Amino acid sequence: MPNVSRILKIGAIVLLAVAVLAFPGVAPNPYILSAGVLVLNYAVLSTSWNFVGGFTGYISLGHGALAGLGAYGTGLLVAKGGLPPFLALFLSAAIVAALAVPIGFAALRVRGASFVIVSISLVLILLLVFQSWASVTGGSRGLVVPRPFDLSRPEHHRVFYYLFAALLAAALVAWWLIDRSRFGLGLKSIREDEDKAEALGTATFTYKLIVFVVSAAFTALAGGMYALWFGDLDPVFQFSILTGSYLVLMALLGGVRQLFGPVAGAIIVGVALEYFKVEYGDTPLHLVATGLLLALVVLFMPDGILPAVGDLLKRFDRSQRSSIREVSAAELREQRLKEQAGTETGGKGTGDDGTGRTAMTEAGGTTR
Amino acid sequence: MASELELTDIVAGYGRAAPVLRGFSVEVPAGKIVCLVGPNGAGKSTVLKVAGGLLKPRDGKVLVGGADVTGRGPQAMLKAGVSLVLQGHSVFREMTVEENVLLGAYTMKDKAKIAQRVSFVKEVFPVVADRWGSLAGLLSGGQQKQVEFARSLMVDPKVVLLDEPSMGLDPKATGTVFEQVVRMRDAGTAVLLVEQNARRALETADLGCVLDLGRVHISGPAQQLLADPQLGELYLGGRPAEPPVQPKI
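None of the values given here were measured: they were computed from a predicted structure. Just so you know, the residues in each chain are numbered from 1, in the order the chain's sequence is written. Chains carry letters from A onward and ligands carry numbers from 1 onward, assigned in written order. Where local features are concerned, this predicted model is filtered to residues with pLDDT of at least 70; where side-chain atom pairs are given and counted, the filter is 80 or more; whole-chain, interface and lining totals use all residues. Values shown for side chains rest on all heavy atoms present in the structure; no hydrogens or waters enter the calculation.

Student: Please explain the overall build of chain A as it appears in this structure.
Tutor: Only DSSP runs of H or I covering at least 4 residues are called helices, and only runs of E covering at least 2 are called strands; the numbering of each starts at the N terminus. Across its full length, chain A holds 17 helices and two strands. The buried share of chain A, reckoned over its 368 residues, is 47%. Contacts: residue pairs with any heavy atoms within 4.5 Å of one another. When contacts within chain A are restricted to residue pairs at least 6 apart in sequence, those whose partners lie at least 24 apart make up 77%. Categorising residues by exposure relies on relative accessible area from a 1.4 Å probe, with only protein chains included: less than 20% of the type maximum marks a residue as buried, more than 50% marks it as exposed, and the intermediate range marks it as partly exposed.

Student: Got a minute to help me understand the overall build of chain B in this structure?
Tutor: Along its length, chain B carries ten helices and ten strands. Its C-alpha atoms give chain B a radius of gyration of 18 Å, near enough to 18 Å, the size a compact globule of 249 residues would have. If one aligns the C-alpha atoms of chain B with their principal axes, the spans along those axes are about 60 × 55 × 35 Å. By the burial criterion, 54% of the 249 residues in chain B qualify as buried. Every radius of gyration here is taken over C-alpha atoms, with the globule rule written as 2.2 Å times N^0.38, N being the number of residues.

Student: How should helix H12 (residues 241–254) of chain A be read in this particular structure?
Tutor: Side chains of residues three or four places apart in an α-helix project in the same direction, reflecting 3.6 residues per turn. Residues and elements named next belong to chain A. With 14 residues, H12 extends 20 Å between its outermost C-alpha atoms, agreeing within 8% with the 20 Å of an ideal straight helix rising 1.5 Å per residue. Within H12, eleven of the 14 residues are buried, which leaves the element mostly enclosed by the surrounding structure. Within the sequence span of H12, burial applies to Thr243, Gly244, Tyr246, Leu247, Val248, Leu249, Met250, Ala251, Leu252, Leu253 and Gly254. Here a polar contact is taken to be a pair of N or O atoms separated by no more than 3.5 Å, where protein atoms must pair a possible hydrogen donor with a possible acceptor and residues adjacent in sequence count only if both atoms sit in side chains. Put simply, Ser240 is the residue that caps the front of H12, since its side-chain oxygen is 3.0 Å from the backbone nitrogen of Leu242. Two residues or fewer past H12, Gly255 is found with a positive phi of approximately 125°. Expected helix span is computed as 1.5 Å times (number of residues minus one).

Student: Is there a simple way to explain the side chain of A:Thr202 in this structure?
Tutor: Inspection of the secondary structure puts A:Thr202 in the loop between helix H9 (194–199) and helix H10 (204–230). Ignoring any residue separated from it by four or fewer positions in sequence, one finds A:Thr202 in contact with A:Gly186, A:Ser189, A:Ala197, A:Tyr207, B:Gln75, B:Leu103 and B:Tyr106.

Student: Which parts of the structure should I look at to understand a nonpolar patch on the surface?
Tutor: All names here are of chain A. A cluster of nonpolar residues, Tyr275, Tyr280, Leu285, Val288, Leu292, Leu296, Leu299 and Phe300, forms a patch on the protein surface that exposes about 840 Å² of accessible area. Contributions of two or more residues to the nonpolar patch are made by helix H13 (261–280) and helix H14 (285–300). Looking at the nonpolar patch element by element, the count peaks at six residues for H14. Position of Phe300 relative to the elements: it lies in helix H14. Grouping into patches uses exposed residues only, defined as over 30% relative accessible area, and leaves out salt-bridged ones; the cut-off is 9 Å for like charges and 5 Å for nonpolar side chains (Val, Leu, Ile, Met, Phe, Trp, Tyr). In this description, accessible areas are obtained by the Shrake-Rupley approach with a 1.4 Å probe, and a residue is regarded as covered only by the protein chains that are shown. A pair is scored as a salt bridge if a Lys or Arg side-chain nitrogen falls within 4 Å of a carboxyl oxygen belonging to Asp or Glu.

Student: I would appreciate a short explanation of the interface of chain A and chain B in the present structure.
Tutor: When the parts of a complex come together, some accessible area is lost, and that lost area is often taken as the interface size. Taken together, the contacts link 29 residues of chain A with 37 residues of chain B. When the two sides are added together, the surface that chain A and chain B hide from each other amounts to roughly 2,700 Å², 56% of it contributed by carbon and sulfur. Linking A:Lys188 and B:Glu99 is a salt bridge whose minimum nitrogen-to-oxygen distance equals 3.7 Å. Counting every contact that joins chain A to chain B gives eight residue pairs in polar contact (both at pLDDT 80 or more). For any pair of parts, buried area is found by adding up, for both, the accessible area (1.4 Å probe) each one loses once the two are put together.

Student: Would you explain the packing of aromatic side chains in this entry?
Tutor: Any pair of aromatic rings gets described here by the distance separating the centres and the angle formed by the planes. Residue and element names in this part refer to chain A. Between the rings of Phe, Tyr and Trp (Trp by its six-membered ring), a pair exists once the centres lie within 6.5 Å; its type follows the angle of the planes, with under 30 degrees stacked, over 60 edge-to-face, and the other angles tilted. As enumerated under the stated definition, the model contains 20 aromatic pairs over all chains in all. Considering the side-chain rings of Phe23 and Tyr161, the 5.6 Å spacing of their centres and the 25° angle between planes classify their relative orientation as stacked. A residue pair is termed long-range when its members are at least 10 positions apart, and Phe23 in helix H1 (residues 4–26) and Tyr161 in helix H7 (residues 153–179) qualify at 138 residues. Among the residues examined, Phe23 registers a relative accessible area of 24% and is labelled partly exposed. Overall, Tyr161 belongs to the buried group, its relative accessible area being 3%. Plain terms: the ring middles of Phe183 and Tyr207 are 5.1 Å apart, the flat faces sit at 65° to each other, and that makes the pair edge-to-face. Of this pair, Phe183 sits in helix H8 (residues 182–192) while Tyr207 sits in helix H10; the two residues are 24 residues apart in sequence, bridging distant segments of the chain.

Student: Explain the pattern of salt bridges to me, please; I cannot follow it from the model alone.
Tutor: Oppositely charged side chains may form a pair once their charged atoms are brought near each other. Enumeration over the complete set of coordinates arrives at 17 salt bridges over all chains. We note a salt bridge from A:Arg257 to B:Glu94, for which the minimum N-O separation is 3.4 Å. One end of the pair, A:Arg257, is in the loop between H12 and H13; the other, B:Glu94, is in the loop between strand S6 (82–85) and helix H3 (97–103), on a second chain. We classify A:Arg257 as partly exposed; its relative accessible area is 38%. Each member of the salt-bridge network shares a partner with another, and the members are A:Arg111, A:Glu194, A:Asp195 and A:Lys208.

Student: Would you mind going over the environment of B:Pro157 with me for this structure?
Tutor: Residues and elements named next belong to chain B. For Pro157, the location among the structural elements is in the loop between helix H6 (141–153) and strand S7 (159–163). Between the C-alpha atom of Pro157 and that of Thr189, which follows or precedes it by 32 residues, the distance is 6.8 Å. Contacts of Pro157, omitting those with residues within four sequence positions, involve Gly81, Ser83, Ser152 and Thr189.

Student: I'm lost on the pairing of S7(B) in this one. Help?
Tutor: Regular strands place side chains that alternate from one sheet face to the opposite one. All names here are of chain B. Here S7 lies mainly inside the structure; five of its five residues are buried. Criterion used throughout: strands pair if DSSP finds at least two bridges between them. Note that S6 and S7 share four bridges and pair parallel. In the sheet register, Val85 faces S7, and the bridge partner there is Leu162. Two strands pair when backbone bridges link them, and S7 and strand S8 (residues 190–194) are joined in this way by five bridges, in the parallel orientation. Considered in S8, the bridge of Asp163 is made with Val194. Classification remark: right-handed applies to a crossover when, strands pointing away from the viewer, the course from the first strand over the helix to the second runs clockwise. Read from S7 through helix H7 (residues 171–186) to S8, the crossover connection turns out right-handed.

Student: It is not clear to me how the nonpolar core should be interpreted in this structure. Could you clarify?
Tutor: Considering soluble globular proteins, one finds that nonpolar side chains tend to be buried as a cluster. Joining through side-chain atoms within 4.5 Å is the link that ties buried Ala, Val, Leu, Ile, Met, Phe, Trp, Tyr and Cys residues into a set, and such a set is a nonpolar core. Within the largest apolar cluster, 93 residues are counted, with the highest numbers of intra-cluster contacts made by A:Phe51, A:Phe164, A:Leu187, A:Leu233 and A:Phe239. Tallying contributions element by element places H10(A) first for this core, with 15 residues. Filtering out sequence-adjacent residues up to four positions away, A:Leu187 remains in contact with A:Phe55, A:Thr56, A:Ile178, A:Tyr207, A:Lys208 and A:Val211. Residues B:Val85, B:Phe149, B:Val181 and B:Leu193 belong to the second largest nonpolar core, which totals 45 residues.

Student: Honestly, the side chain of B:Arg117 in this entry has me stumped. Any pointers?
Tutor: All names here are of chain B. You can see Arg117 is positioned in helix H4 (residues 111–124). Taking the relative accessible area as the measure of exposure, Arg117 reaches 7% and is therefore buried. When sequence neighbours within four positions are dropped, the list of residues in contact with Arg117 reads Met108, Leu153, Met154 and Asp156.

Student: Looking at this structure, I do not really get unusual backbone geometry. What am I missing?
Tutor: Apart from glycine, the bulk of residues carry a negative phi angle, and the bulk of peptide bonds sit in the trans form. Residue and element names in this part refer to chain B. The backbone of Asp156 shows a phi angle near 55°, a positive value even though the residue is not glycine. Residue position: Asp156 is located in the loop between H6 and S7. Accessibility expressed as a relative area gives 37% for Asp156, which makes it partly exposed.

Student: What is the right way to read the confidence of the model for chain A from this model?
Tutor: Regions with low pLDDT should not have their predicted coordinates read in detail. Residues and elements named next belong to chain A. Chain-level statistics for chain A give a pLDDT mean of 85 and a share of 85% at 70 or above. A low-confidence stretch, residues 322–328 stays under pLDDT 50, and its non-local contacts, those more than four residues away or across chains, total 22 contacts. Here pLDDT means the predictor's own confidence in every residue, given as a number from 0 to 100. Low pLDDT, under 50, characterises residues 345–368; the stretch is placed with 38 contacts to residues that sit more than four places away or in other chains.

Student: Whenever I open this one, the environment of B:Pro57 confuses me. Can you help?
Tutor: Among the structural elements, B:Pro57 can be located in the loop between helix H1 (44–52) and strand S4 (59–64). Those residues in contact with B:Pro57 that sit more than four places away from it in its chain are B:Ile10, B:Val11, B:Ala12, B:Val50, B:Thr70 and B:Gly71.

Take a look at the structure:
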């Protein structure tokens, strides 16, 4: 019989998909719809960040720069290169992925705080370049990107809402496939302990570089899609450390080891950011709230909201109720039946080698 | 008997400091447990790092099955048939027992061979089969050590290098761990064992080697080393305890 938490998980996914698809139909005005587009953009960016952050444990604050590169690449290819918008989008993502190879080659040689600093420096360098190179990028005046469709504003939002939803689905499927692959197993071992992983034969640097490039490609696609949707790019906003910080916050809040963790985080943070901007205008209050939220998450939910909810659901699921040793009641019952059968037939169920017996004793001991 | 692993005249150390190993040599014959004992700082763990490819020797040769593998990295050493179990608990705590064991086969491509090795290690270490889906971090210290042993056997190694397998374990778990070391040997794998619990290790091993100041002080059959009273005083924490005298009632 399928357990309750599994049914709830599938139900939640279906509900989320229905809610996402139905949102444009129930959004009361174009502003709310545009906020929905923005939240989906955050969800794609955060999920893209989670390819590196979630699998390898490397915290990058530089993903805002990769999104900015994708946005400017798409914008320049359309506005100055005259390419069709969606060809420009994919070409730009391919260029950013290619650029991610030397960037990753340099950045992934260091770990921990050093990697964070290198990733921040990427944002600052690109900000200076795109601000100073005004003849190409438009500098501080910004870059206007022609709209791909001749539609009214609400229709424009609606179309891009579904395009972002499709991109999010693609990113989630890619993350899910990696999570279940041998490649994913190697990446997760890097997250747990890179030195041990290397000692076991995992090609750690190559794996980190590959996943960084995949992450950069999805990030660039999200950035490029934003450029086509918003139509106006400014280096100060495109190459901002804040963007990278938001992505980290969203992923941490939802749960970096969860497929839907960054999506959950993006919904919460994205909605909160829009609320603060509407209610309090251009005050830095939303930054204070973001900082507070980050501190609370790190202190009280280090694994994120989704794992916390999952643990809560497990409490109500009798079939999954477990001891401190993570042996469910059903498993224990089965073990005891095996033990009894072994005793009756004189087999090894009683653990004549000492090892099986140890496991059973401990499991039994913790549930008394 | 042919040696699975042979270290000859190894000189090795860290950075620019004086070498820790100063002409160390040892042979690990097929199907035998060789135990390295010695005081702290003698260079026991350094021997394993050199043999496991984690530390490049400054001089000397490392041979596996007769082939020269001196200076190769950990991946190459794994492929050559040398598997290292690090000191302390080296399981990936947030990963399942299954994932931990499969990571041991990371250099293997043949799925059928991997499945065969999984069946083998489950048979040798029943606790691995029992706790296959559990998070490794939730297992007891002794069980975690067995998961590490199982992981090290996945590549069907010629030699397993064990660095202080009983560290941090209670006496009962230590006993189980040493039983499993014997099972590894009986399954056909040569073992090079480094252990602080010298007396217990020599009781388990076939051959012993006392290391002091980076060189072999004395080597020979483990039982012979155990019986040497001078060696007992110097390196094994004194003479074996005499059985307690029963008071006459």
